[in-house]
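The primary structure of each chain is shown beneath.
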Amino acid sequence: MNNLTKVVLSILMDVLGCAFQFGFQTGVLANTRKILVAVFELPESSIYTSVMVSGLPIGGIFGGLLAGIIADKIGRKKCILANNIGVIVGAILMAVAYDRYSFIIGRVIIGFSCGVATGIGPLYLAEIAPSEIRGAIGVLNQLTITIGIFLAFVFSLDSVILDDSSDFRDNPRWNIYFAIPLLFSLAQMCLIPFCPESPNWIFLNQGQEGQAKNILIRLRGSVESAEEEIRLMKEHVKPSVTTVKELFTTPHLLLGLAIGIGLQGAQQFSGAVAIFNYAPDIFKSSGVKSTDIATATTGLLLIVITLVSVPLMDRMGRRTLMILGQSFMAGSFLLLFVSQSCFTNTSWACGGGWTGYLSITGIFIFIIFFAIGPGSIPWLIVGDIFPDEARGKASSVCVGANWISQLMVTLFYEKLSVALHANIFLLFFGLVVFFLVLTVLFVPETKQKPVSTILAEMKEQARACPPLAINRH
């Protein structure tokens, strides 16, 4: 097996069982909540429906926080392999759920696995990918997430998941739908024996330079490239893994944590989870008639734009794309506010067929610029700004922050939507603008910079007061 095949196989294994599972679970309830409400005899907008949606981030918080610790302890490959246990158990519980409680337990368990996946998946990719395609590989991870969301939307359309039965309990299609993750878990387990362990982990955590070099030779295809990477590891990596205390007391690492946590908050408080989980409801509230088509098109657009963004990552830069994305996302929420206000608020007296088109335009603008910016940039920058010896634990903290942010949005969105109506989009507008200001002030550019340069700049930024990145741009 040549080096290119080895790299491609490793990437495929990673994204199928990590990024795809996360994406599929993100969109899995968008169209199926009404089925679960009927099957489990739940009132609309009950605490149980909120907890069903929130079960994913509830489990994800713990999985995300533990991912780096587990990966540092047993290795990246074993962590990925063991993580499939949670996917299998969770998917089976959701597929055969006989009541609301068994479904929620399954959702929390698979959420734990998704939390681990969001931590270990990008970490493994970053450590096996050549530096020149690091940005593109990071976007590939996000692309696979979007494919998972899209397939979750498509497979749960009424025309696909419903039959002629008037009783959802007599319709086995929804059970099969929730079992789909088992297929991708099986695919990952079949591929993982053919994939190498992370050479970074072998060198740093195991102290086996020779084995790490051999893995790099198989991945890079040349002894020279492998020796250069080993040399860089020796030059810039400490002889031991960073402790939790060092992570929170070393100035440039603490600054990196603050930036990483802020970027994860920017991703989740942007309202993306609400858009993906409640897209059909948002379209319906703005007068869109064909909500199935609009929702499926939303998922497809997310894939296309993520593909388009691949060459932009290392051309325009992470920071630039993040700022661009947040700026247009703020504008999209104003469009959604106007469209829903005009359709539902009789005192505005401006409703009409145009509100549906404006709502679709607003969501499509959001999707385009979320994919370009906050959808993928936070994961890339977190991988860039930490040295190898700190990346595992730092990634866990940042991933945990991501899941906590997601939990807050999913847990309270439905209640806030009922209480605020169209004004909820003004809330998201304010949050996006807030995080946009933080990005402009503090987030550094890492485009095509070697680790040594990024670390030097982070240390310089940490010594400044306040530690502004804007001074260097």
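Here is what the cut-offs are and how they apply
- Residues numbered from 1 in each chain as written.
- Predicted model: local features only at pLDDT ≥ 70, side-chain atom pairs only at ≥ 80, totals over all residues.
- Heavy atoms only, no water.
- Helix = DSSP H or I, 4+ residues; strand = E, 2+ residues; numbered from the N terminus.
- Rg over C-alpha atoms; globule rule 2.2 N^0.38 Å.
- Buried < 20%, exposed > 50% of the residue type's maximum accessible area, 1.4 Å probe, protein only.
- Contact = heavy atoms within 4.5 Å.
- Areas by Shrake-Rupley, 256 points an atom, 1.4 Å probe, with all protein chains shown as cover.
- Lys, Arg positive; Asp, Glu negative; His and termini not counted.
- Charge placed at Lys NZ, Arg CZ, Asp CG, Glu CD.
- Core = buried A, V, L, I, M, F, W, Y, C linked by side-chain atoms within 4.5 Å.
- Salt bridge = Lys/Arg side-chain N within 4 Å of Asp/Glu carboxyl O.
- 1 Å grid on protein atoms, 1.4 Å probe; cavity = no way out; pocket = protein on both sides within 12 Å on 5 of 7 lines; lining within 4 Å.
- Points joined across faces, edges and corners; volume = space filled by probe spheres on them.
- Nonpolar A, V, L, I, M, F, W, Y, C, P; charged D, E, K, R; others polar.
- Expected span 1.5 Å × (residues − 1).
- Bend = angle between axes of the 7 residues up to and from the residue.
- pLDDT = per-residue confidence, 0-100.
- Axes fitted to C-alpha atoms, helices over the stretch in contact; angles between N-to-C directions.
- Parallel < 35°, antiparallel > 145°, perpendicular 65-115°, else oblique.
- Left-handed = near helix turned anticlockwise from the far one by under 90°.
- Arc of directions from axis to C-beta.
- Phe/Tyr/Trp six-rings, centres within 6.5 Å; stacked < 30°, edge-to-face > 60°.

Caption draft 1: Expanded view of the overall build of the protein. Looking only at helices and strands, one finds 23 helices and zero strands in the protein. Taking 473 residues into account, the globule formula puts the C-alpha radius of gyration at 23 Å, and the protein, at 22 Å, falls close to it. Taken over 473 residues, the protein has a buried fraction of 56%. Taking contacts inside the protein between residues at least 6 apart in sequence as the whole, the part at least 24 apart equals 81%. In the form shown here, the protein has an accessible surface area of approximately 18300 Å², with 68% of it arising from carbon and sulfur atoms. Once the 32 positive and 30 negative side-chain charges of the protein are each reduced to a mean point, those two points are 4 Å apart.

Caption draft 2: Local environment of the nonpolar core. Grouped together as the largest cluster of nonpolar side chains are 130 residues, with contacts concentrated most on Phe-40, Phe-103 and Phe-178. The leading source of residues in this core is helix α6 (residues 100-128), at 11 residues. Apart from residues no more than four positions distant in its own chain, Phe-103 is found in contact with Leu-29, Leu-36, Phe-40, Met-52, Met-94, Ala-97 and Phe-178.

Caption draft 3: View of the pattern of salt bridges. Evaluated as defined, the whole model comprises seven salt bridges. Taking the shortest distance from any N to any O, the salt bridge between Asp-72 and Arg-76 comes out at 2.9 Å. Taken individually, Asp-72 and Arg-76 each receive the classification buried, so the pair is uniform in this respect. The partner of Arg-220 in a salt bridge is Glu-229, with the nearest N and O atoms 2.5 Å apart.

Caption draft 4: Quick peek at empty space enclosed by the protein. Here the structure, examined in full by the defined rule, presents three cavities of 30 Å³ or more. In this structure, the largest cavity encloses a volume near 240 Å³. What lines the largest cavity is a set of 21 residues, and nearest its centre among them are Pro-122, Leu-123, Ala-126, Trp-379 and Gly-383. Put simply, the parts of the chain that give the lining of the largest cavity at least two residues each are α6, α7 (134-155), α20 (377-385) and α21 (388-420). Looking at the lining of the largest cavity, the element that brings in the most residues is α6, giving six residues. Split by residue class, the lining of the largest cavity holds 11 nonpolar, seven polar and three charged. The computed volume of the second largest cavity comes to approximately 140 Å³.

Caption draft 5: Summary view of α6. With 29 residues, α6 extends 41 Å between its outermost C-alpha atoms, agreeing within 8% with the 42 Å of an ideal straight helix rising 1.5 Å per residue. Its axis deflected by about 25° at Ala-117, α6 carries its strongest bend there. Burial analysis of α6 places 22 of its 29 residues in the buried class, the great majority of the element.

Caption draft 6: Summary view of the confidence of the model for the protein. Of the residues in the protein, 91% reach a pLDDT of 70 or more, and the chain-wide mean stands at 84. For the protein, helix α16 (residues 272-285) is the element with the lowest average pLDDT, namely 75, and helix α5 (residues 76-95) is the one with the highest, namely 95.

Caption draft 7: The arrangement of unusual backbone geometry in detail. The phi dihedral of His-421 is positive, around 55°, even though this residue is not glycine. Looking at the element boundaries, His-421 is found in the loop between α21 and α22 (424-442).

Caption draft 8: Summary view of the packing of helix α15 (residues 251-268) against α21. Their axes nearest at 8 Å, the elements α15 and α21 cross at an angle of 30°. Viewed along their axes, α15 and α21 adopt a mutual orientation that is roughly parallel. Seen along the crossing, α15 lies across α21 with a hand that is right-handed. For the pair α15 and α21, contact is made by Leu-253, Leu-257, Gly-260, Ile-261, Gln-264, Gly-265, Gln-267 and Gln-268 and by Ala-390, Ala-394, Val-397, Cys-398, Ala-401, Asn-402, Ser-405, Gln-406 and Val-409, respectively. In the contact of α15 with α21, the residues fall into nine nonpolar, eight polar and no charged.

Caption draft 9: Inspection of helix α10 (residues 181-191) at higher detail. Taken together, the buried positions of α10 are occupied by Pro-181, Ser-185, Gln-188 and Leu-191. Down the axis of α10, the sector holding all buried residues measures 130°, keeping them to one side. Those residues of α10 that are buried lie in contact with α1 (3-17), α2 (19-27), α5, α6 and α9 (173-178).

Caption draft 10: Representation of the packing of aromatic side chains in the model. All told, the structure shown has 17 aromatic pairs when counted by the stated rule. Here the aromatic residues Phe-20, Phe-24, Phe-40, Phe-103, Trp-174, Tyr-177, Phe-178 and Phe-184 are joined through ring pairs into a cluster of three or more.

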